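Listed below, chain by chain, are the residues.
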Amino acid sequence: FFFFFFQAEDGIRDAQESRGLGDVYKRQPQVIANCLRVLHNISGEEDLSYRDQILDSDAVGILINLYENNKTNHKILTELALLISNLVRGKPYPQEKIMLQLLPLLAQLIDAMDNQTLESTLFTFRYISTASEKACELIIKLNVASKIAKFTLHENKNVKDLAFQTVGDLLSSSDEVVNTFLNAGLLEGISISLKSNNMPNSLRIEILWIVSNIVVSPSDVIAKVLNSDIISIIVNTCLKEETTIRKEALEVIWRLVNSCSVEQFQELMKYQLVEQIGNQLEDSQTNIVLLAVNCLDEMLGKSQALAEQKQTQNTVMIELERLDIISKLEILQSHSSDQVYKSTLKILETYFAVDKE
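Residues numbered from 1 in each chain as written. Predicted model: local features only at pLDDT ≥ 70, side-chain atom pairs only at ≥ 80, totals over all residues. Heavy atoms only, no water.

Peer 1: Before we move on, could you go through the environment of V252 and cite the residues and values that matter?
Peer 2: One can find V252 in helix α17 (residues 243–259). With 161 residues separating them in the primary sequence, V252 and K91 have C-alpha atoms 32 Å apart. Ignoring anything within four residues of it in the chain, the contact list for V252 reads L208, V211, S212, V215 and I234. (Helix = DSSP H or I, 4+ residues; strand = E, 2+ residues; numbered from the N terminus. Contact = heavy atoms within 4.5 Å.)

Quick look at the structure:
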């Protein structure tokens, strides 16, 4: 069957009039689509040797040629995207050079109008970005990242979800990558999605994880986040949801406080962070309590730096006392977790002159 398919493709490549199978395929796009579907089914088998046989048969060159000759045929493009998604997944991954050869084709398939092609293409980007750092770099160079970020605003739920997941896979400490996503409207997509009431928790966690990676960027990137309504949503909504969501929300706040400038921290205080984080200290989950304590520790340190700079009082200390969160911290000295105990004691000894018992 492989021989039949690929020989037929040789006919398609030939610019001259052909009497062979390639000429038949030119007149019958449905046959091409059917062949692609069969190859898609075969390559999806658990036995990866089938996938590898296809790749070893000059599949990349043939698939590129197929795209060039059928750019306007949505059925073929859909089947092409489905096949490619199977060809790059599974461990061990295909050779890196094969994935790099496929990326320019994928960069064109992502412009497809139909959602099924788009979904398959996004799946493929996820597989490739996970398997190869060089592929991630090429994805950025091909200007694909900006397109993916825009899909976080897509009206189709599956496309939107996959776009966020792909962003999560591609996001790195590279300022270039982060800025590419932000300039393409990622923050708007995040804001709209976090406000949604019907978003699955798994995706909500993914989005919060994305934000937590964004806020460890330089101050100009943090400024963009602060100029959006994302932090307000996280503080006023996400910190009041179930445990897994609150954990990720606290992680965002901890990283943001740790990375922001003292001036930006002053802006953060308008969100009533002390009160909202203080509410987490009574949670039954140790990981939530520990994150909350660590957040307060970071906030106290940043507030102290601001106080010394402005020659004023430590506003976080004042708020902790006013809201009687100090008593919650004192109770935590009896917590069953040694980490919680030590972290709490550090705060009390450093800022409130409480002697170690």
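Picking up after the structure, the text goes on.
Peer 1: Explain helix α23 (residues 338–351) to me, using residue names and the numbers behind them.
Peer 2: With 14 residues, α23 should reach 20 Å at 1.5 Å per residue; the first-to-last C-alpha distance of 20 Å fits that figure. The set of residues buried in α23 consists of V340, S343, T344, L345, I347, L348 and Y351. Elements in contact with the buried residues of α23: α20 (286–310), α21 (315–322) and α22 (325–331). N-capping of α23 is provided by S337, with a side-chain oxygen placed 3.3 Å from the backbone N of Q339. A353 lies just past α23 and shows a positive phi near 55°. (Expected span 1.5 Å × (residues − 1). Buried < 20%, exposed > 50% of the residue type's maximum accessible area, 1.4 Å probe, protein only. Polar contact = N/O pair within 3.5 Å; in protein donor to acceptor, adjacent residues only side chain to side chain.)

Peer 1: Would you mind going over the layout of surface pockets in detail, with residue names and values included?
Peer 2: Computed from the structure, the largest pocket encloses a volume of approximately 180 Å³. Considering the residues around the largest pocket, the lining is formed by E133, C136, E137, I140, K141, D169, L170, L171, S172, S174, E176 and V177. If you list the elements that add at least two residues to the lining of the largest pocket, you get α9 (133–141), α11 (157–170) and α12 (175–183). The biggest single contributor to the lining of the largest pocket is α9, with five residues. In terms of residue class, the lining of the largest pocket is built from five nonpolar, two polar and five charged. (1 Å grid on protein atoms, 1.4 Å probe; cavity = no way out; pocket = protein on both sides within 12 Å on 5 of 7 lines; lining within 4 Å. Points joined across faces, edges and corners; volume = space filled by probe spheres on them. Nonpolar A, V, L, I, M, F, W, Y, C, P; charged D, E, K, R; others polar.)

Peer 1: So what about unusual backbone geometry? Which residues, and what values?
Peer 2: Leave glycine aside and you will find that most residues have negative phi; peptide bonds, for their part, are mostly trans. The residue after K91, namely P92, is reached through a cis peptide bond having omega 5°. As for its position among the elements, P92 is in the loop between α6 (74–87) and α7 (96–109). One non-glycine residue with positive phi stands out, namely Q311, at about 55°. With respect to the helices and strands, Q311 occurs in the loop between α20 and α21.

Peer 1: Please set out the packing of helix α5 (residues 59–69) against α6 residue by residue, giving values where relevant.
Peer 2: Look at α5 against α6: their axes get within 11 Å of each other, and the N-to-C directions meet at 160°. Classified by the interaxial angle, the pair formed by α5 and α6 is roughly antiparallel. In this structure, the crossing between α5 and α6 has a hand that is left-handed. Residue-level contacts link L63, L66 and Y67 of α5 to L77, L80, L83, I84 and L87 of α6. (Axes fitted to C-alpha atoms, helices over the stretch in contact; angles between N-to-C directions. Parallel < 35°, antiparallel > 145°, perpendicular 65-115°, else oblique. Left-handed = near helix turned anticlockwise from the far one by under 90°.)

Peer 1: For the nonpolar core, give the residues involved together with the corresponding values.
Peer 2: One finds L186, I190, L194, I214, L268 and M299 to be the most contacted residues of the largest nonpolar core, which totals 114 residues. No other element matches the 10 residues that α20 contributes to this core. (Core = buried A, V, L, I, M, F, W, Y, C linked by side-chain atoms within 4.5 Å.)

Peer 1: How would you summarise the confidence of the model for the chain if you had to cite specific residues and measurements?
Peer 2: Mean pLDDT over the chain: 88, with 91% of residues reaching 70 or higher. Taken as a whole, residues 1–16 scores under 50 in pLDDT and shows 39 contacts with residues more than four places along the chain or in a different chain. Below pLDDT 50 for its whole length, residues 18–22 participates in six contacts with residues either more than four positions away or in separate chains. (pLDDT = per-residue confidence, 0-100.)

Peer 1: Please set out the pattern of salt bridges residue by residue, giving values where relevant.
Peer 2: In total, this model carries 15 salt bridges according to the counting rule given. Of the charged contacts, one joins R255 and E251 as a salt bridge, the two residues approaching to 3.6 Å between their closest N and O atoms. One end of the pair is R255 and the other is E251, both in helix α17 and four residues apart, which spans about a single turn. Residue classification places R255 among the partly exposed residues on the basis of a relative accessible area of 24%. Salt bridges sharing common partners tie together R37, K75 and E79. (Salt bridge = Lys/Arg side-chain N within 4 Å of Asp/Glu carboxyl O.)

Peer 1: Describe the side chain of T117, and please don't skip the residues or the numbers.
Peer 2: Among the structural elements, T117 can be located in helix α8 (residues 115–131). In contact with T117, other than residues within four places in its own chain, are H74, L77, T78, A81, L109 and A112.

Peer 1: Can you break down the packing of α8 against α9 residue by residue, with the values?
Peer 2: Here α8 crosses α9 at 130°, and the two axes come no closer than 5 Å. On the basis of their axis angle, the class for α8 and α9 is oblique. Contacts from F125, I128, S129 and A131 in α8 reach E133, A135, C136 and I139 in α9. Considered class by class, the residues forming the contact of α8 with α9 number six nonpolar, one polar and one charged.

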